[in-house]
Amino acid sequence: MSVLFHPHPHRQRGIALPVMLIMMLVMLVTSIYLLRSSNSTTLSASNLAYDATLSRAVDLGLHTGFQWLRKSAVADRTILNASDASKGYLATLDSDLTPRDAGFWNGSVEITDDDGNKIRYVIHRLCEKTGGFNEDDNVCIMTAANSVKLGSGQAIGESMASDAAQYASSPQLHYVITARLDGARGGNVINQMVVLIGA
């Protein structure tokens, strides 16, 4: 009977332990990254929601300014030739000023919404001087009247008679309503709206 003899027996090498430790380290780093990523995503979503809430709140200033402007234009358009600081209306706009400048907000009106937000708004007529748009050397930004045609060959308000007189329509003056809300966390939102009113 013969016995097999191995002169050098194989020793165990233990390669599985270092591989498992490396895999555990990778999983730990990945979980930390995942946690930080979900945290920053939550903060970003929260900031966007806060910004959207402020933007919706500041629209109250735009709406309030528009309501006054519309009522004044319907009642008597000559009211709009002069500034009325008590209503937040300025008949001129200094083109060197931007909404970030303090002088832009001279004559603004402050209102408070149902949530306690303080909103400031100001209305500017885009003219260099007070008075009528066609007086002296006053320069205003104007647009030609609407010539939209509703399914026919005639513009809105035009006569279909072949011998009807053709009159030049009055221009539309540009007004800019700017509203601002300074948020509680240091953020602020400024929204603007352009309104066209026939001269």
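Residues numbered from 1 in each chain as written. Predicted model: local features only at pLDDT ≥ 70, side-chain atom pairs only at ≥ 80, totals over all residues. Heavy atoms only, no water.

(A) Representation of the side chain of N191. As for its position among the elements, N191 is in strand β6 (residues 188–198). Given the relative accessible area of 16%, N191 is considered buried. A distance of 3.0 Å separates a polar atom in the side chain of N191 from a polar atom in the side chain of D59. Excluding residues that lie within four positions of it along the chain, N191 makes contacts with S55, V58, D59, L62, I177, T178 and A179. (Helix = DSSP H or I, 4+ residues; strand = E, 2+ residues; numbered from the N terminus. Buried < 20%, exposed > 50% of the residue type's maximum accessible area, 1.4 Å probe, protein only. Polar contact = N/O pair within 3.5 Å; in protein donor to acceptor, adjacent residues only side chain to side chain. Contact = heavy atoms within 4.5 Å.)

(B) Spatial organisation of the nonpolar core. Counting 25 residues, the largest nonpolar core has L69, L80, Y89, I123, Y175 and I197 as its most contacted members. Mapped by element, the contributors of at least two residues to this core are α1 (16–75), β2 (109–112), β3 (118–125), β5 (172–182) and β6. Among the elements that take part in this core, α1 stands out by supplying seven residues, more than any other. The contacts of Y175, once residues within four sequence positions are left out, are L69, L80, Y89, H124, R125, M193, V194, V195 and I197. (Core = buried A, V, L, I, M, F, W, Y, C linked by side-chain atoms within 4.5 Å.)

(C) The pairing of β2, seen in detail. Burial along β2 is one-sided: V109 and I111 are buried, and none of E110 and T112, which face the opposite way, are. Bridge count for β2 against β3 is four bridges, and the pairing is antiparallel. From the neighbouring strand, T112 faces β3, where its bridge partner is K118. With antiparallel pairing between neighbouring strands as the criterion, β2 and β3 make up a hairpin whose turn holds five residues, including G116 at a positive phi of roughly 90°. (Pairing = 2+ DSSP bridges.)

(D) Here's a closer look at a nonpolar patch on the surface. Nonpolar side chains collect at one region of the surface, where I15, V19, M20 and M23 lie side by side and expose about 410 Å² of accessible area between them. In this fold, M20 is placed in helix α1. (Patch = residues over 30% accessible without salt bridge, like charges linked within 9 Å, V, L, I, M, F, W, Y side chains within 5 Å. Areas by Shrake-Rupley, 256 points an atom, 1.4 Å probe, with all protein chains shown as cover. Salt bridge = Lys/Arg side-chain N within 4 Å of Asp/Glu carboxyl O.)

(E) Local environment of the packing of aromatic side chains. The tally for this structure, following the rule as stated, stands at three aromatic pairs. With a centroid separation of 5.4 Å and 40° between ring planes, the pair formed by W68 and Y89 is classed as tilted. Residue W68 is located in helix α1, and its partner Y89 is located in strand β1 (residues 89–90); the two are separated by 21 residues in the primary sequence. By relative accessible area, which is 15% here, W68 ends up buried. Judged by its relative accessible area of 0%, Y89 falls in the buried class. An angle of 75° between the planes, with centres 5.4 Å apart, marks the rings of F104 and W105 as edge-to-face. Following the ring pairs from residue to residue traces out a cluster consisting of W68, Y89 and Y175. Across from the ring centre of W105, 5.3 Å away, lies the NZ or CZ of R120, which sits over that ring. (Phe/Tyr/Trp six-rings, centres within 6.5 Å; stacked < 30°, edge-to-face > 60°. Lys NZ or Arg CZ within 6 Å of the ring centre and 35° of its normal.)

(F) Fine view of the state of the cysteines. Scanning all chains against the criterion turns up one disulfide. Here C127 connects covalently by a disulfide to C140, the sulfurs 2.0 Å from one another. Judged by the torsion about the S-S bond (115°), the C127/C140 disulfide is right-handed. Taken together, the positions of C127 in the loop between β3 and β4 (142–143) and C140 in the loop between β3 and β4 put the pair 13 residues apart, joining distant regions of the chain. (Disulfide = S-S within 2.5 Å.)

(G) Seen up close, the pattern of salt bridges. Taken as a whole and judged by the stated rule, the model has two salt bridges. Between D137 and K129 there is a salt bridge, with the nearest N and O atoms lying 2.7 Å from each other. Here K129 falls in the partly exposed class, since its relative accessible area comes to 37%. Here D182 and R180 are joined by a salt bridge, their closest N and O atoms 3.0 Å apart.

Fair warning: the whole summary comes from geometry, so function is off the table for now.
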